[in-house]
Amino acid sequence: MNKLTPPRGYAQADTEARQQWLQEQTGHTVPEFALDEPENLKGLIENHVGFVGLPLSISGPLKIDGTYAHGDFYVPLCTVEGTLSLSMTRGLYLTHRAGGIKTRHVKQELSRAPVFRFDEIEEALAFLNIIDARYDDIKNAAENTTRYGKLLRIDKQIIHNRVILDFIYHTAEAAGQNMVTLSTDAACRYIVEHLSGETPFRYLLESNYNADKNPAHRSLTKGRGHHVIASFQIPNRILKKLLRVTADQLIEALTDKHLGSQMAGMLGMNLHTANALAALYLALGQDVACVAENAIGIATYEKRGDDLYATLSMPSVTVGTVGGATRLHAQRANLELLGCAGGEHSSCKLAEIICASALALEISLAGAIVSNEFAEAHAKFGR
């Protein structure tokens, strides 16, 4: 590769060379390691006793043409899996050589789904009409708890003598998990206090219908968080030069992967988007448990002429640029590196960068498996 990609090596001098290289590429200085004051951890952890250090790497260059993300980026990763950083760098360099990755932001929706219980089915049916008639009042109750969150709609699902109310929100720059919980709690309290008859409605704040931190078909079809689609087109000659495979070989292998995935009963269709998400989420102050629901993207390959055209759809990218661990020193610095440390549409931009990075890692692993270099790479860099 060339000076566009990070210098290699494991010595202290190599780390310092990469820090200098990153500053020259981006103007960003990797800050001195500093632990956050315990007082700054309130709301993030209880019973705090210390810190666990995790290594930080850099990968790139990511060239992206997105709805909100534009230009070249160098992506911070927090991982202890050997080969991951180099593999993503290979995928990013490959796509950079071919003109970059296109991303499109589809929507941003986060839900909380309480369930209301009734004695009779007729009561559940009547409840649906009550919710429709008093929607504006319920919306006001929900939005009075937040400055930025907006209730978009309430989707209703009736099952037996129960009604699930799926409260769908736009959460602005926050990932919004706490936001939608507090807003929905206020809405449910309003429903019980003002819309019940002689007997107060019974409910649970969360039915698990929104599949919070669980892989689910609902997340695959409706999304939870940001919905982003990323794609690239690469000439066959570049594939042969950098990955030592052809477009035809990758497409043939995709059929094998789909068969194995179907037999295993996998949700989504990808090789390992969870690897990219976990490393990015740790580095960027995101809720790492959301990887469980976010890693269900669908990746496909097809031919356009002699070129390979690859697409990754990720309907659930639950990330934000404000709130939670985004305020921690190291994570804030990494968000600043990406130009995603707050501001309008910064969470949309971050979601596009994450989806594009995951796609780059997908194509690199696919190339390694098809060229039969997968085990060799792990033997060399992963031990």
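Starting afresh in each chain, residues are numbered from 1 along the sequence in its written order. Only residues with pLDDT of at least 70 are given local features in this predicted model, and only at 80 or more are side-chain atom pairs given and counted; all residues enter the totals for whole chains, interfaces and linings. Side-chain numbers come from the whole structure's heavy atoms, not from hydrogens or water.

To continue, consider the packing of aromatic side chains. Each pair of aromatic rings taken from Phe, Tyr and Trp, with Trp reduced to its six-membered ring, is defined by centres within 6.5 Å and is described as stacked if the planes are under 30 degrees apart, edge-to-face if over 60, and tilted in the remaining cases. Going through the model one piece at a time under the given rule, you end up with eight aromatic pairs. Judged by centre distance (5.2 Å) and plane angle (25°), the ring pair of Phe116 and Tyr203 falls under stacked. With Phe116 in strand E4 (residues 115–117) and Tyr203 in strand E7 (residues 202–204), this residue pair connects regions lying 87 residues apart in the sequence. Summary of the burial criterion: residues with accessible area below 20% of their type's maximum are buried, those above 50% are exposed, and those between are partly exposed, where the area comes from a 1.4 Å probe applied to protein chains only. Accessibility expressed as a relative area gives 0% for Phe116, which makes it buried. By relative accessible area, Tyr203 is classed as partly exposed at 23%. Judged by centre distance (6.5 Å) and plane angle (15°), the rings of Phe167 and Tyr169 are stacked. We classify Phe167 as buried; its relative accessible area is 0%. Among the residues examined, Tyr169 registers a relative accessible area of 1% and is labelled buried. Ring pairing ties together the aromatic residues Phe116, Phe118, Phe127, Phe201 and Tyr203, which thus form one cluster. By definition, any uninterrupted DSSP run of H or I lasting at least four residues is a helix, any uninterrupted run of E lasting at least two residues is a strand, and each is numbered from the N terminus.

Soluble, globular proteins show a tendency: their nonpolar side chains are buried together. Among buried residues, the Ala, Val, Leu, Ile, Met, Phe, Trp, Tyr and Cys ones that are joined through side-chain atoms within 4.5 Å form a nonpolar core. Among the nonpolar cores identified, the biggest contains 58 residues, and Leu62 and Tyr281 are the most heavily contacted of them. Sorting elements by how many residues they give to this core places helix H12 (residues 346–370) first, with twelve residues. By definition in these notes, contact holds between two residues if any of their heavy atoms fall within 4.5 Å. Once you skip the residues sitting within four places of it in the chain, Tyr281 turns out to touch Gln286, Asp287, Val288, Cys290, Val291, Asn294, Val317, Thr318, Val319 and Ile354.

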